[in-house]
Amino acid sequence: MKKYVKMGISAVLVIAVIVGCYYYMTHRKTVPAEEAVEITQLQQVLSKQLDHAYPPTPREVIKFYNRIIECAYSSEYDSDQFDKLMAQARMLMDEELLENNPQTTYKERLQQEIMSYKDDSVKILQTRVCDSDEVRFREIEGRKCAYVQAIYFMKKGKSDFSKTYQSYLLRQDKNKDWKILAYHLTDPSEIEE
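Residues numbered from 1 in each chain as written. Predicted model: local features only at pLDDT ≥ 70, side-chain atom pairs only at ≥ 80, totals over all residues. Heavy atoms only, no water.

Undergrad: Looking at this model, I keep getting lost on helix α3 (residues 58-74). Mind explaining?
TA: Along an α-helix, a turn takes 3.6 residues, which lines up residues three or four apart on a common side. Taking 1.5 Å as the rise per residue, α3 with 17 residues should run 24 Å; its terminal C-alpha atoms sit 24 Å apart, in good agreement. Where burial is concerned, most of α3 is hidden: 13 out of the 17 residues are buried. (Helix = DSSP H or I, 4+ residues; strand = E, 2+ residues; numbered from the N terminus. Expected span 1.5 Å × (residues − 1). Buried < 20%, exposed > 50% of the residue type's maximum accessible area, 1.4 Å probe, protein only.)

Undergrad: I tried to follow the pattern of salt bridges on my own but got confused; where do I start?
TA: Pairing of side chains with opposite charge becomes possible as their charged atoms draw close. Counted according to the given criterion, the structure contains six salt bridges. Linking Lys84 and Asp80 is a salt bridge whose minimum nitrogen-to-oxygen distance equals 3.5 Å. Taken together, the positions of Lys84 and Asp80, both in helix α4 (residues 79-91) and four residues apart, correspond to about one turn of that helix. Between Glu96 and Arg171 there is a salt bridge, and its shortest N-O distance comes to 3.1 Å. Of this pair, Glu96 sits in helix α5 (residues 95-100) while Arg171 sits in strand β4 (residues 160-172), and the two are 75 residues apart along the sequence. The network of salt bridges with common partners includes Arg59, Glu60 and Lys63. (Salt bridge = Lys/Arg side-chain N within 4 Å of Asp/Glu carboxyl O.)

Undergrad: Is there a simple way to think about the packing of α4 against helix α6 (residues 103-119) in this case?
TA: The geometry of a pair of packed helices is captured by two quantities: the angle between their axes and the separation between those axes. The contact between α4 and α6 brings their axes to 11 Å, and the two run at 115°. Classed by the angle they form, the pair α4 and α6 counts as roughly perpendicular. Crossing geometry of α4 relative to α6 is assigned as right-handed. Residues Phe82, Asp83, Met86, Ala89 and Arg90 of α4 form the contact with α6, whose participating residues are Gln103, Tyr106, Lys107, Leu110, Gln111 and Ile114. (Axes fitted to C-alpha atoms, helices over the stretch in contact; angles between N-to-C directions. Parallel < 35°, antiparallel > 145°, perpendicular 65-115°, else oblique. Left-handed = near helix turned anticlockwise from the far one by under 90°. Contact = heavy atoms within 4.5 Å.)

Any functional reading would require information beyond the geometric quantities listed.
If you want it as structure tokens, here you go:
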């Protein structure tokens, strides 16, 4: 008889736990999908830890650099966020480029260019980086280098659209990270070659 009483008590406890779990699951409050927190591109760029997750290829470096550019030219941010954007961009640059563009000079030029874009009502609508098979690799003075092409689609005012073509030269550093060594505006025919 004691055996049946213990089994009965165990069965009641199991049923009570199941009923309790069912009640909890059906009555708990859930956050609707509409209330989910949305992370902006600016927040994504600023939160990327390049020390731990550096882009692995020259193309990926330029893609991330373009995200920084899009944020700098198109986003609303405070001076602290601007400084962080600038720091992210400088982490992608080769030591030689950094030496030729001290931080204060780089900051002043970037701010002037951004103001010029805003004054002229120019917006970067989209950026495009060449395909992986279009990246050209060379060895220059014993160091691995890569050429990456990018296109920037822009809108000036309400209806004037244009494209800007940019060529980037990247060089591998001692950690085998690809860093931007130089860049310049190019002719569309150079991109298509």
